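Breakdown of the fold
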Amino acid sequence: VCLQVPELEKATVRIRQPERVRGIIQSLREQGVAKLQVISDFDMTLSRFGCNGRRCPTSHNILDTSRVISEDGKKKLKDLLHYYYPIEIDPNRTLEEKCPLMVEWWTKAHELLVQQKIHKGDIAQIVRESEAMLRYGHRKDGFKEFFDQLHKNNIPLFIFSAGVGDILEEIIRQANVFYSNVNVVSNYMGFNDDGVLTHFKGPLIHTYNKNNTVLQGTGYFQQLSTRTSIILLGDSMGDLTMADGVPSVENILKIGFLNDKVEERRRKYLDSYDIVLESDETLDVVNGILRYILAE
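Residues numbered from 1 in each chain as written. Predicted model: local features only at pLDDT ≥ 70, side-chain atom pairs only at ≥ 80, totals over all residues. Heavy atoms only, no water.

**Looking at the environment of R55**
To keep it simple, the criterion reads: Each helix corresponds to a stretch of at least 4 residues labelled H or I by DSSP, and each strand to a stretch of at least 2 residues labelled E; elements are numbered beginning at the N terminus. Think of it in three bands: residues with accessible area under 20% of the maximum for their type are buried, residues over 50% are exposed, and the middle band is partly exposed, with areas taken using a 1.4 Å probe on protein chains only. Note on contacts: a residue pair qualifies if any of its non-hydrogen atoms lie within 4.5 Å across the two residues.
Relative to the elements of secondary structure, R55 occurs in strand β4 (residues 54-55). With a relative accessible area of 46%, R55 lands in the partly exposed category. Between the C-alpha atom of R55 and that of E131, which follows or precedes it by 76 residues, the distance is 9.4 Å. Beyond its immediate chain neighbours, meaning those up to four positions away, R55 contacts F49, G50, Y85 and D260.

This is the structure:
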């Protein structure tokens, strides 16, 4: 696709329109670093999907399976997952069908978590004990190069997550890459004066409402109105709308991680994302593109 980005030759990379992608990458480079922003999902996009044949946890999973949840709570949360996850990724259901069911799932899960009286002070330890992992690279810490490159060049990174904000922030903090250019919109916990979880703050963000509806009042993208070049990273169909709030997009490169059910979902991903990374646990391609765009 692009001789300047050797990572695009990786076996995990699929591109439906190579010419178009080459053009977008070229434009991103020509527009320059001052116009660039990155918008990314978190769970299974910046964090890993699997490791050594096992699934890595999402920010919700980390909480759901931690020692602060009772056995009964764990069972109920697992039952919800088994019921709703197949609906979430079912390629034959429409968004209209899925949305109310996702709201139902997240609401029930959050209610169960509130019943567990989780302490704010336990969160760092819960994350430390978990198997959460950020994506690596051909060198072990691909995520570090990713966060470092963006920070060094003052490129805003907007993380838009249907996960649990407190948990994912802690993962990034423990990886020592929570820089000032990182901004997170997610589902945050509300604690009482004793530091006990009593509710989740609104608006509820689930897989399929990552768009303007939950960004009203944040004004984040308005402040960045000159940032008209976008690299979007996601792993689900719902992530494709994450840049909807950007006032005037000139160039957008959509990179999709196809982690699961690759065969049956490939076509849909190739139709929707410019670059599809199949069962690729690294950030190599993203870092390669960034390196090319940022090169003097």
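Back to the write-up after that little detour.
**A word on the packing of aromatic side chains**
We describe a pair of aromatic rings using the distance from one ring centre to the other and the angle between the two ring planes. Quick reminder of the rule: Ring pairs are drawn from Phe, Tyr and Trp, using the six-membered ring of Trp, whenever the two centres fall within 6.5 Å, and their geometry is named by plane angle: stacked under 30 degrees, edge-to-face over 60, tilted for the rest. Lysine and arginine charges are scored as sitting over a ring when NZ or CZ, respectively, is within 6 Å of the ring centre and within 35 degrees of the ring normal.
Scanning the entire structure with this criterion turns up nine aromatic pairs. Residues Y220 and F221 carry aromatic rings whose centres are separated by 5.2 Å and whose planes lie at 70 degrees to one another, so their mutual orientation is edge-to-face. Taking the relative accessible area as the measure of exposure, Y220 reaches 9% and is therefore buried. Each ring, one from Y269 and one from Y273, has its centre 5.8 Å from the other, and the planes form 25 degrees; the classification is stacked. The pair formed by Y269 and Y273 is uniform in burial state, with each residue classed as buried. Members of the aromatic cluster, each reached through a chain of ring pairs, are Y83, Y84, W105 and W106. Between the NZ or CZ atom of R135 and the centre of the ring of F257, over which it lies, the distance is 4.0 Å.

**Topic: the nonpolar core**
Condition: Among buried residues, the Ala, Val, Leu, Ile, Met, Phe, Trp, Tyr and Cys ones that are joined through side-chain atoms within 4.5 Å form a nonpolar core. Here the limits of each domain have been adopted from an automatic or database domain assignment.
In terms of nonpolar packing, the biggest core is built from 93 residues, with F146, F147, I231, I275 and I289 touching the most fellow members. Split by domain, this core shows at least three residues from each of two domains, domain 1 (6-51 + 133-294) and domain 2 (54-128). Not counting residues within four places of it along the chain, the set of residues in contact with I231 comprises L28, L36, Q37, V38, I39, L253, I255, I289, L290 and I293.

**Focus: the domain arrangement of the chain**
You'll often see interface size given as the accessible area lost when the parts meet. The following threshold applies: Buried surface area refers to the total accessible area, computed with a probe of radius 1.4 Å, that the two partners give up upon joining, counted for both partners together. Salt bridges are counted wherever a side-chain nitrogen of Lys or Arg sits within 4 Å of a carboxyl oxygen of Asp or Glu. Side-chain atoms alone can form a polar contact between residues adjacent in sequence; in general such a contact is a pair of N or O atoms within 3.5 Å, and within protein one must be able to donate a hydrogen while the other accepts it. Polarity classes work like this: nonpolar for Ala, Val, Leu, Ile, Met, Phe, Trp, Tyr, Cys and Pro, charged for Asp, Glu, Lys and Arg, and polar for all others, with Gly in that last group.
The domain boundaries assigned to the chain delineate domain 1 (6-51 + 133-294) and domain 2 (54-128). Its C-alpha centre places domain 1 at a distance of 21 Å from the equivalent point of domain 2. Listed per partner, the contact involves 35 residues of domain 1 and 31 residues of domain 2. Counting each side, the surface lost to burial between domain 1 and domain 2 is near 3000 Å², with a carbon and sulfur contribution of 68%. If you look at where domain 1 meets domain 2, you find one salt bridge. Residue D260 pairs with R55 through a salt bridge whose shortest N-O separation is 4.0 Å. One can count 14 residue pairs in polar contact (both at pLDDT 80 or more) joining domain 1 with domain 2. Residue assignment for the side of domain 1 that touches domain 2 shows that the elements contributing at least two residues are β3 (50-51), β5 (157-164), α7 (165-174), β7 (189-191), β8 (197-200) and α9 (262-272). A total of six residues in the side of domain 1 that touches domain 2 trace back to one element, the largest contributor, which is α7. The class makeup of the residues in the side of domain 1 that touches domain 2 is 17 nonpolar, nine polar and nine charged.

**Brief notes about the packing of helix α6 (residues 142-152) against helix α10 (residues 284-294)**
We count it as follows: Axis geometry follows a simple rule: fit a line to the C-alpha atoms, using only the stretch in contact for helices, then measure angles between N-to-C directions, giving values from 0 to 180 degrees. Comment on the angle field: the value is read as roughly parallel under 35 degrees, roughly antiparallel over 145, roughly perpendicular from 65 to 115, and oblique elsewhere. In a left-handed crossing the near helix is turned counterclockwise from the far helix by less than a right angle, and in a right-handed crossing that turn is clockwise.
Between α6 and α10, whose axes approach to 10 Å, the crossing angle comes to 30 degrees. Considering the angle they form, α6 stands roughly parallel to α10. The handedness of the crossing between α6 and α10 comes out as left-handed. Contacts between α6 and α10 pair G142, E145, F146, Q149 and L150 from the former with V286, N287, L290, R291 and L294 from the latter. Residue composition of the contact of α6 with α10, grouped by class: five nonpolar, three polar and two charged.

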